[in-house]
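Next come the chains, spelled out residue by residue.
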Amino acid sequence: MARTTVHLLRHGEVHNPEGVLYGRLPGYRLSDLGLAMAERVAEHLVGAGHDVALVVASPLERAQQTARPTADAYGLPVHTDDRVIEAGNHFQGLTFGVGDGALHHPRHWWHLRNPLRPSWGEPYRFIAERMLAAAADAAAHVEGREAVIVSHQLPIWTARSAVEGRRLWHDPRRRQCSLASLTSLHYEDGRIVGTSYSEPAGDLLPGANKVAGA
């Protein structure tokens, strides 16, 4: 049986001094620490002997920047796939808090009416479907080897939850998907047979921004 792995790589830390939920907004690039995280992931993949044959990224700048060191390390181009973009969110561009953010304003409360869908953004099931379709295409393209897809925390966590049979609605604080982490989907003959998780840049996380939207 052909063993194939698709690594879902979350982007590195973003330069976001205002602490907004940047979502799909343009212009949010990696911080210096985020760039170091991206380099660390590339070093890890090469050093551990991973046979990466495809690098794909969300169209957003922070994902493209995170993908570049890995693509360069393997002599590959970065392919862009809109299916792995950040989830749509009503609160994009706002700070998000009860006392000093968007939740302080009654005009936003209607968007919180259904956390199971969720009512403030793209449905979880749509996120899972597009992410897993992109991963399946990548796995088929590199059968017997490995691919890296650079995406975002919510899409990656939603895809993993779908694969592992968990409910898709969740507490965002409980996601296991740190900056520059790898959520790996393992395939045999086109079917996902397992997942794994690692943090190649884990030693850099203590210095990362902890504000909302980081």
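What counts as what
Residues numbered from 1 in each chain as written. Predicted model: local features only at pLDDT ≥ 70, side-chain atom pairs only at ≥ 80, totals over all residues. Heavy atoms only, no water. Core = buried A, V, L, I, M, F, W, Y, C linked by side-chain atoms within 4.5 Å. Buried < 20%, exposed > 50% of the residue type's maximum accessible area, 1.4 Å probe, protein only. Helix = DSSP H or I, 4+ residues; strand = E, 2+ residues; numbered from the N terminus. Contact = heavy atoms within 4.5 Å. Salt bridge = Lys/Arg side-chain N within 4 Å of Asp/Glu carboxyl O. Pairing = 2+ DSSP bridges. Right-handed = clockwise from strand over helix to strand, strands pointing away. Axes fitted to C-alpha atoms, helices over the stretch in contact; angles between N-to-C directions. Parallel < 35°, antiparallel > 145°, perpendicular 65-115°, else oblique. Left-handed = near helix turned anticlockwise from the far one by under 90°. Nonpolar A, V, L, I, M, F, W, Y, C, P; charged D, E, K, R; others polar.

1. Description of the nonpolar core
- Ranked by size, the top nonpolar core spans 24 residues in total, and within it Val6, Leu8, Met131 and Ile149 carry the most contacts.
- Broken down by element, this core gets its largest block of residues, eight residues, from helix H3 (residues 124-141).
- Grouped together as the second largest cluster of nonpolar side chains are 21 residues, Met37, Val55, Ala57 and Leu204 included.

2. Some details on the environment of alanine 73
- In this fold, alanine 73 is placed in helix H2 (residues 61-74).
- We classify alanine 73 as partly exposed; its relative accessible area is 41%.
- On a C-alpha basis, the gap between alanine 73 and valine 52 in space is 9.7 Å, while along the polypeptide they are 21 residues apart.
- Those residues within four positions of alanine 73 in sequence are excluded, and the remaining contacts are Ala42 and Val46.

3. Here we look at the pattern of salt bridges
- Counting across every chain of the model gives 14 salt bridges.
- A salt bridge links arginine 24 to glutamate 122, with the nearest nitrogen and oxygen atoms 3.4 Å apart. Taken together, the positions of arginine 24 in the loop between strand E1 (3-10) and helix H1 (32-47) and glutamate 122 in the loop between strand E3 (78-80) and H3 put the pair 98 residues apart, joining distant regions of the chain.
- Residue classification places arginine 24 among the partly exposed residues on the basis of a relative accessible area of 35%.
- Note on glutamate 122: relative accessible area 17%, which makes it buried.

4. Some remarks on the pairing of strand E2 (residues 52-57)
- Of all six residues in E2, five are buried, a share of seventy percent or more.
- Two elements, E2 and strand E4 (residues 146-151), share five bridges in a ladder whose sense is parallel. The partner of leucine 54 across the bridge, within E4, is alanine 147.
- For the crossover that starts at E2, traverses H2 and ends in the parallel E3, the hand is right-handed.

5. Describing unusual backbone geometry
- Despite not being glycine, alanine 180 shows a phi value in the positive range, around 60 degrees.
- Relative to the helices and strands, alanine 180 is located in the loop between helix H4 (153-164) and strand E5 (182-188).
- Positive phi, normally seen in glycine, also occurs at aspartate 189, with a value near 50 degrees.
- For aspartate 189, the position within the fold is in the loop between E5 and strand E6 (191-198).

6. Side note on the sheet that holds E2
- Across the sheet, six strands lie side by side as E3-E2-E4-E1-E5-E6; this open sheet has mixed pairing. A strand with exactly one partner marks an edge of an open sheet, and here the two such strands are E3 and E6. Put simply, the sheet's adjacent strands are angled 25 degrees from each other on average, direction ignored.
- Two elements, E2 and E3, share three bridges in a ladder whose sense is parallel.

7. Observations concerning the packing of H1 against H2
- Close contact between H1 and H2 brings their axes to 8 Å; oriented N to C, the two are set at 30 degrees. Comparing their axes, H2 and H1 come out roughly parallel. Viewed along their axes, H1 and H2 form a crossing whose handedness is right-handed. Two secondary-structure elements touch here, H1 through Leu35, Ala38, Glu39, Val41, Ala42, Leu45 and Val46 and H2 through Gln65, Thr66, Pro69, Thr70, Ala73 and Tyr74.
- Split into classes, the residues belonging to the contact of H1 with H2 amount to nine nonpolar, three polar and one charged.

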